[in-house]
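Structural overview
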Amino acid sequence: MLATGGFGANMEMVTKLKPELKGYVTTNQKGSTGDGIALAEKEGAATVDLEQIQIHPSVEQKTAYLITEAVRGEGAILLNSKGERFVNELETRDTVSAAINALDPNYAYVVFDNALRGRVKAIEQYTKQH
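Residues numbered from 1 in each chain as written. Predicted model: local features only at pLDDT ≥ 70, side-chain atom pairs only at ≥ 80, totals over all residues. Heavy atoms only, no water.

Once that is clear, we can look at a nonpolar patch on the surface. A surface patch of nonpolar side chains, amounting to about 270 Å² of accessible area, comprises Tyr107, Tyr109 and Val111. Examined against the element boundaries, Tyr109 turns out to sit in strand S4 (residues 109–111). With relative accessibility at 45%, the residue Tyr109 sits in the partly exposed group. (Patch = residues over 30% accessible without salt bridge, like charges linked within 9 Å, V, L, I, M, F, W, Y side chains within 5 Å. Areas by Shrake-Rupley, 256 points an atom, 1.4 Å probe, with all protein chains shown as cover. Salt bridge = Lys/Arg side-chain N within 4 Å of Asp/Glu carboxyl O. Helix = DSSP H or I, 4+ residues; strand = E, 2+ residues; numbered from the N terminus. Buried < 20%, exposed > 50% of the residue type's maximum accessible area, 1.4 Å probe, protein only.)

Encoded structure:
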(Lines give C-alpha, C1' and ligand atoms only; values in the text may rest on other atoms or scores of the structure.)
Protein backbone atom coordinates (compact mmCIF):
# COMPACT_ATOMS: atom_id res chain seq x y z
CA MET A 1 0.00 0.00 0.00
CA LEU A 2 1.26 3.44 -0.91
CA ALA A 3 -0.25 6.68 0.38
CA THR A 4 0.68 9.67 -1.75
CA GLY A 5 -1.48 12.54 -0.51
CA GLY A 6 -4.16 12.48 -3.18
CA PHE A 7 -4.81 14.67 -6.20
CA GLY A 8 -7.40 17.25 -5.17
CA ALA A 9 -5.32 20.15 -6.53
CA ASN A 10 -5.08 18.54 -9.97
CA MET A 11 -8.39 19.46 -11.59
CA GLU A 12 -7.36 17.80 -14.88
CA MET A 13 -6.99 14.49 -13.05
CA VAL A 14 -10.17 15.08 -11.02
CA THR A 15 -12.29 15.71 -14.13
CA LYS A 16 -10.70 12.81 -16.02
CA LEU A 17 -11.81 10.46 -13.23
CA LYS A 18 -15.11 12.19 -12.47
CA PRO A 19 -16.23 14.38 -15.40
CA GLU A 20 -19.26 15.75 -13.55
CA LEU A 21 -16.86 17.74 -11.35
CA LYS A 22 -15.69 19.87 -14.27
CA GLY A 23 -15.92 23.52 -13.27
CA TYR A 24 -15.83 22.84 -9.55
CA VAL A 25 -13.33 24.68 -7.42
CA THR A 26 -10.90 22.98 -5.06
CA THR A 27 -9.72 23.95 -1.61
CA ASN A 28 -6.54 21.96 -2.33
CA GLN A 29 -4.70 24.82 -3.99
CA LYS A 30 -1.25 23.31 -3.45
CA GLY A 31 0.39 20.00 -2.87
CA SER A 32 -2.14 17.30 -3.72
CA THR A 33 -1.33 17.03 -7.41
CA GLY A 34 -1.35 13.27 -7.93
CA ASP A 35 2.36 13.03 -8.77
CA GLY A 36 2.79 10.05 -6.45
CA ILE A 37 -0.14 8.24 -8.06
CA ALA A 38 1.23 8.88 -11.57
CA LEU A 39 4.67 7.63 -10.52
CA ALA A 40 3.23 4.49 -8.92
CA GLU A 41 1.09 3.74 -11.99
CA LYS A 42 4.12 4.24 -14.26
CA GLU A 43 5.91 1.57 -12.23
CA GLY A 44 3.00 -0.84 -12.62
CA ALA A 45 1.10 -0.27 -9.39
CA ALA A 46 -2.64 -0.82 -9.46
CA THR A 47 -5.03 1.82 -8.16
CA VAL A 48 -8.57 1.41 -6.92
CA ASP A 49 -11.54 3.72 -6.41
CA LEU A 50 -9.79 6.90 -7.57
CA GLU A 51 -13.15 8.15 -8.86
CA GLN A 52 -14.48 8.16 -5.30
CA ILE A 53 -13.90 11.88 -4.88
CA GLN A 54 -15.62 13.59 -1.99
CA ILE A 55 -16.77 17.15 -2.46
CA HIS A 56 -17.50 19.54 0.38
CA PRO A 57 -20.97 21.09 0.41
CA SER A 58 -19.94 24.51 1.66
CA VAL A 59 -17.13 26.04 -0.36
CA GLU A 60 -17.35 29.65 -1.49
CA GLN A 61 -17.06 29.34 -5.26
CA LYS A 62 -15.21 32.51 -6.23
CA THR A 63 -12.26 32.04 -3.88
CA ALA A 64 -12.54 28.30 -3.08
CA TYR A 65 -12.67 29.22 0.62
CA LEU A 66 -13.97 26.29 2.69
CA ILE A 67 -16.71 27.07 5.20
CA THR A 68 -16.34 24.68 8.11
CA GLU A 69 -19.04 22.11 8.80
CA ALA A 70 -19.14 23.49 12.33
CA VAL A 71 -21.31 26.30 10.97
CA ARG A 72 -24.02 23.83 9.95
CA GLY A 73 -23.37 21.73 13.03
CA GLU A 74 -24.03 24.72 15.29
CA GLY A 75 -27.35 25.49 13.61
CA ALA A 76 -26.87 27.28 10.29
CA ILE A 77 -29.43 26.42 7.65
CA LEU A 78 -29.10 26.09 3.89
CA LEU A 79 -31.52 27.90 1.62
CA ASN A 80 -32.01 27.56 -2.12
CA SER A 81 -32.33 30.53 -4.49
CA LYS A 82 -36.03 30.84 -3.52
CA GLY A 83 -35.18 31.11 0.17
CA GLU A 84 -36.43 27.61 0.99
CA ARG A 85 -34.79 24.92 3.09
CA PHE A 86 -34.21 21.79 1.01
CA VAL A 87 -32.07 19.41 3.08
CA ASN A 88 -31.31 18.40 6.64
CA GLU A 89 -28.10 20.34 7.17
CA LEU A 90 -26.75 17.70 9.56
CA GLU A 91 -26.70 14.96 6.92
CA THR A 92 -23.40 13.64 5.60
CA ARG A 93 -21.27 15.64 3.14
CA ASP A 94 -22.28 13.48 0.20
CA THR A 95 -26.00 13.81 0.97
CA VAL A 96 -25.85 17.59 1.44
CA SER A 97 -23.66 18.01 -1.65
CA ALA A 98 -26.06 15.90 -3.74
CA ALA A 99 -29.01 17.99 -2.53
CA ILE A 100 -27.23 21.20 -3.55
CA ASN A 101 -26.26 19.73 -6.92
CA ALA A 102 -29.90 18.78 -7.53
CA LEU A 103 -31.00 22.41 -7.18
CA ASP A 104 -31.63 24.62 -10.19
CA PRO A 105 -29.58 26.74 -9.99
CA ASN A 106 -27.22 24.48 -8.03
CA TYR A 107 -26.05 26.66 -5.17
CA ALA A 108 -27.21 27.39 -1.65
CA TYR A 109 -26.97 30.15 0.89
CA VAL A 110 -25.65 29.44 4.39
CA VAL A 111 -27.77 31.38 6.88
CA PHE A 112 -27.09 31.87 10.59
CA ASP A 113 -27.67 34.36 13.37
CA ASN A 114 -25.34 36.35 15.64
CA ALA A 115 -25.61 33.76 18.42
CA LEU A 116 -24.09 31.15 16.10
CA ARG A 117 -21.50 33.67 14.98
CA GLY A 118 -20.37 33.91 18.60
CA ARG A 119 -20.04 30.12 18.89
CA VAL A 120 -18.07 29.50 15.68
CA LYS A 121 -14.92 31.59 15.74
CA ALA A 122 -14.09 30.76 12.10
CA ILE A 123 -16.93 33.05 11.02
CA GLU A 124 -14.75 36.05 11.85
CA GLN A 125 -12.30 34.84 9.17
CA TYR A 126 -15.16 34.63 6.67
CA THR A 127 -16.24 38.17 7.54
CA LYS A 128 -12.72 39.42 6.90
CA GLN A 129 -12.74 37.62 3.52
CA HIS A 130 -16.08 39.32 2.65
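Going through the model one piece at a time under the given rule, you end up with 2 aromatic pairs. On the basis of an interplanar angle of 85° and a centroid distance of 5.7 Å, the ring pair of Tyr65 and Tyr126 is categorised as edge-to-face. Remark: Tyr126 occurs in helix H6 (residues 122–129) and Tyr65 occurs in strand S2 (residues 65–66); sequence separation between them is 61 residues. Since its relative accessible area comes to 26%, Tyr65 is described here as partly exposed. Accessibility expressed as a relative area gives 16% for Tyr126, which makes it buried. (Phe/Tyr/Trp six-rings, centres within 6.5 Å; stacked < 30°, edge-to-face > 60°.)

Right, let's talk about helix H4 (residues 93–101) for a bit. Those residues of H4 not exposed but buried are Val96, Ser97, Ala99 and Ile100. Projected down its long axis, H4 carries its buried residues within an arc of 160°, all on one side. Where H4 is buried, its residues meet helix H3 (69–73) and strand S3 (77–79). (Arc of directions from axis to C-beta. Contact = heavy atoms within 4.5 Å.)

Within the largest apolar cluster, 7 residues are counted, these being Ile67, Val71, Ala76, Leu116, Val120, Ile123 and Tyr126. Here Tyr126 is in contact with Tyr65, Leu66, Ile67, Thr68 and Val71, once residues within four sequence places are set aside. Ranked by size, the runner-up nonpolar core spans 6 residues in total, among them Phe7, Val14, Leu21 and Leu50. (Core = buried A, V, L, I, M, F, W, Y, C linked by side-chain atoms within 4.5 Å.)

Taken as a whole and assessed by the stated rule, the structure comprises 5 salt bridges. A salt bridge links Glu69 to Arg72, with the nearest nitrogen and oxygen atoms 3.2 Å apart. With Glu69 and Arg72 both in helix H3, this residue pair falls 3 residues apart, about one helical turn. Judged by relative accessible area, which is 28%, Glu69 ranks as partly exposed. Across the pair Glu89 and Arg85 runs a salt bridge, and its minimum N-O distance is 2.5 Å. Since its relative accessible area comes to 53%, Arg85 is described here as exposed. Through salt bridges with shared partners, a single network forms among Glu69, Arg72 and Arg93.

Bear in mind that shape data such as this cannot, by itself, settle questions of function.
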